[in-house]
Amino acid sequence: MTVTIDTRNAAAACVSGRDLRVPLVQGGTRTYANFDYAASAPALTQVADRLAALLPYYASVHRGAGYASRVSTDCYESARGSVARFLNCADDQAVVFTRNTTDALNLLAACVPGDTVVLDIEHHANLLPWRRNGRRVVQAADTVDETLDRLARELGTKPAALLSVTGASNVTGEILPLDRLAALAHRFGTRIAIDAAQLAPHRRIDLRADGIDYLALSGHKLYAPFGAGVLVGRRDWLDTAEPYLAGGGAVREVTTDGVEWAAAPQRHEAGSPNVLGVAALAAACDTLGSLNQADITEHERYLTTRLRDGLESIPGVRFLRIWCDSTDSVGIVAFTVDGVEPGHVAAYLSAEHGIGVRDGRFCAHPVLDRLGVAAALRASIGLGTRAGDVDRLVAAIAALVDRGTGWNYRQQDGQWSPTPETRERLAPGSATGAAPCAAS
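Keep in mind that what you see is a predicted model, and the values were worked out from it rather than measured. (Residues numbered from 1 in each chain as written. Predicted model: local features only at pLDDT ≥ 70, side-chain atom pairs only at ≥ 80, totals over all residues. Heavy atoms only, no water.)

1. A word on helix α9 (residues 275–289)
In step 1: In this model, α9 (15 residues) spans 21 Å end to end at C-alpha, consistent with the 21 Å of a helix rising 1.5 Å per residue.
In step 2: When you tally the buried positions in α9, you get 12 out of 15 residues, the bulk of the element.
In step 3: The secondary structure elements touched by the buried residues of α9 are α2 (45–54), α3 (67–87), β4 (93–98), β9 (214–218) and β10 (229–234). (Helix = DSSP H or I, 4+ residues; strand = E, 2+ residues; numbered from the N terminus. Expected span 1.5 Å × (residues − 1). Buried < 20%, exposed > 50% of the residue type's maximum accessible area, 1.4 Å probe, protein only. Contact = heavy atoms within 4.5 Å.)

2. Re the UniProt feature "domain: Aminotransferase class V" (unreviewed entry) in the protein
In step 1: UniProt records the feature "domain: Aminotransferase class V" (unreviewed entry) for residues 34–393 in the present numbering.
In step 2: End-to-end, the C-alpha atoms of residues 34–393 are 10 Å apart, and along that stretch the chain is 38% helix and 17% strand. (UniProt positions renumbered as here; feature names shortened; annotations may be inferred.)

3. Here we look at the environment of A152
In step 1: Locating A152 in the fold gives a position in helix α5 (residues 144–157).
In step 2: A152 gets classed as buried once you look at its relative accessible area, which sits at 15%.
In step 3: For the pair A152 and I175, spaced 23 residues apart in sequence, the C-alpha to C-alpha distance is 18 Å.
In step 4: If near-sequence neighbours (up to four positions away) are discounted, A152 is found in contact with L184, R187 and F188.

4. Concerning the sheet that holds strand β6 (residues 135–138)
Within a sheet, neighbouring strands are paired by backbone hydrogen bonds and run either parallel or antiparallel to one another.
In step 1: Here seven strands make up an open sheet; going across it, the order is β4-β10-β9-β8-β7-β5-β6 and the pairing mixed. Edge positions in the sheet fall to β4 and β6, since each of these pairs with one other strand and no more. Taking each pair of neighbouring strands and ignoring which way they run, the sheet shows an average axis angle of 20 degrees.
In step 2: Two elements, strand β8 (residues 191–195) and β9, share three bridges in a ladder whose sense is parallel. Its bridge partner being in β9, D195 is matched across the sheet by A216.
In step 3: Set on the sheet, helix α6 (residues 178–187) makes contact with β7 (162–166) and β8; between it and β8 the angle comes to about 150 degrees. (Pairing = 2+ DSSP bridges. Axes fitted to C-alpha atoms, helices over the stretch in contact; angles between N-to-C directions.)

5. Description of the pairing of β7
In step 1: Most of β7 is tucked away: five of the five residues are buried.
In step 2: The alternating pattern of β7 places L162, S164 and T166 on one face and L163 and V165 on the opposite face, and all of these are buried.
In step 3: As paired elements, strand β5 (residues 116–119) and β7 share two bridges and run parallel to each other. Following the sheet pairing, T116 is matched in β7 by L162.
In step 4: Note that β7 and β8 share five bridges and pair parallel. Across the sheet, residue V165 finds its bridge partner in β8, namely I194.
In step 5: Each parallel crossover has a hand, and the one from β7 via α6 to β8 is right-handed. (Right-handed = clockwise from strand over helix to strand, strands pointing away.)

6. Examining the state of the cysteines
In step 1: Per the stated rule, a full pass over the model turns up zero disulfides.
In step 2: In this structure C75 is not part of a disulfide, and its nearest cysteine sulfur, from C285, lies 15 Å away.
In step 3: For C75, a relative accessible area of 27% corresponds to the partly exposed category.
In step 4: Looking at the unpaired C111, the closest cysteine sulfur is the one in C89, lying at 16 Å. (Disulfide = S-S within 2.5 Å.)

7. Some points on the sheet that holds strand β13 (residues 317–319)
In step 1: Spatially, β13-β14-β17-β16 is the arrangement adopted by the four strands of the open sheet, whose pairing is antiparallel. In this open sheet, the two edge strands, each paired with only one partner strand, are β13 and β16 (358–360). Taking the axes of each pair of neighbouring strands and ignoring which way they run, one obtains an average angle of 30 degrees across the sheet.
In step 2: Seen against the sheet, helix α11 (residues 342–353) touches β14 (332–337), β16 and β17 (376–380) and runs at an angle of roughly 40 degrees to β17.

8. Thoughts on the pattern of salt bridges
In step 1: On inspection of all chains with the given rule, the structure shows 29 salt bridges.
In step 2: Notably, a salt bridge pairs R80 with E269, separated by 2.9 Å at the nearest N-O pair. Of this pair, R80 sits in helix α3 while E269 sits in the loop between β12 (259–261) and α9, and the two are 189 residues apart along the sequence.
In step 3: Here E269 falls in the buried class, since its relative accessible area comes to 9%.
In step 4: Ionic pairing is found between D338 and R318, a salt bridge with its closest N-O pair at 2.8 Å. Linking D338 in the loop between β14 and α11 with R318 in strand β13, this pair joins segments that are 20 residues apart in sequence. (Salt bridge = Lys/Arg side-chain N within 4 Å of Asp/Glu carboxyl O.)

9. Considering the side chain of R423
In step 1: For R423, the location among the structural elements is in the loop between β19 (415–418) and β20 (426–427).
In step 2: Judged by its relative accessible area of 16%, R423 is buried.
In step 3: A polar contact of 3.2 Å, which involves the side chain of R423, links it to the side chain of S350.
In step 4: Here E421 takes part through its side chain, which lies 2.9 Å from a polar atom of the side chain of R423. (Polar contact = N/O pair within 3.5 Å; in protein donor to acceptor, adjacent residues only side chain to side chain.)

10. Digging into the side chain of T98
In step 1: Looking at where T98 falls in the secondary structure, it is placed in strand β4.
In step 2: Side-chain polar atoms of T98 contact the backbone oxygen of N100, separated by 3.1 Å.
In step 3: Residue contacts for T98: discarding those within four places in its chain leaves D103, A104, L107, G227, A228, G229, V230 and L231.

11. Details of the packing of aromatic side chains
In step 1: In total, this model carries four aromatic pairs according to the counting rule given.
In step 2: Over the face of the ring belonging to W237 we find R191, whose NZ or CZ atom lies 4.3 Å from the ring centre.
In step 3: Between R308 and the ring centre of F319, over which it is positioned, the NZ or CZ distance is 5.1 Å. (Phe/Tyr/Trp six-rings, centres within 6.5 Å; stacked < 30°, edge-to-face > 60°. Lys NZ or Arg CZ within 6 Å of the ring centre and 35° of its normal.)

12. Digging into helix α10 (residues 293–312)
In step 1: A rise of 1.5 Å per residue sets the reference length of α10, with its 20 residues, at 28 Å; its end C-alpha atoms lie 28 Å apart and thus fit the reference within 8%.
In step 2: Sitting at the amino-terminal end of α10 is N292, which places a side-chain oxygen 3.0 Å from the backbone nitrogen of A294.

13. Section: the environment of Q411
In step 1: Looking at the element boundaries, Q411 is found in strand β18 (residues 409–412).
In step 2: The sequence separation of Q411 and P23 amounts to 388 residues, and the corresponding C-alpha distance is 21 Å.
In step 3: Each residue touching Q411, except ones within four places of it in the same chain, is listed here: E341 and W416.

In structure tokens:
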């Protein structure tokens, strides 16, 4: 099966660093095959272009009378509209800018007036913050349907203020049915929050249609790696909670004896905001929202299937999966290779093949414990991924299983590295275009 896709729709040609060349330990260079989109995605060129246009006007926002301040303020505030359109927010939902998903969920945790129910398969960002107000952890079942039944039993037995679940697993990419989860939560008078860090870069989310009360995402996974994230949610909790940070910008009036706090979103955005990061996030939302989602999803599924089929043909490769009946996933494949530690495999792929994957426990320790592995490899697909990249990864794993590595590797302080390390780590900046940033 061959799928062709209009790069104008997929924006594949518009991902920064798509043709980056990296050094190999045995000498020479190779075009970098990036399979670590789930950790941090490269910037869309549309995002970089918008920042380049804004940089000359960068200034303080909200209180500056100068022209540059007005431009920066307009860009910052109009970004809320870009996010709201991208997610189809409801009228009573505020868009609060944060640093990332972790920051957004911690903010929300400080606003929840009661217990929060979570699953045991969550990323740490959606597992740890809720402990302050009462967290109840439900163990996911082997099927999606039974998992939802367990959540229903938990919520029916004891009321909870919030159900907070992942939209797509950051380990396996498996997608939960958001509309069913929202309906389930609302049946018991519970609100629902979605950790959309992994889902938003791959699927369009409709907060109105699915009945989602709160959602958190990160710009650095949404092709806007400039330090901004977002919490979208119903205003009442956000308006009555203590400000996330106490300081300028979050207030209406201050005296030496008291303070009148602003309403959301300003209530939770004290201090000088990340104007450029927010503008980048808005540019990513505008760009992704203009693309043909059906084409992108089809192409991603094609590449994911191609990767799974290729790896499945290699002896000793084992996949990680949470639910036996899950029917959809984003472009994430987690696997192990018998007899070789994941960190060793990742170091080999990078050093000898110019391929970047993630290894370790993915800030989801309970998930790995549940699946019975100490660590794993994760290959994640994004807009810049090509079929040739998939084939290179499959061929490199096959070669490893067939004849081992072509270089020596050692583990030190938990990190696998080639020895000797012949690649110079480079960074832009010198007169020649690159300068060493660390000793070998």
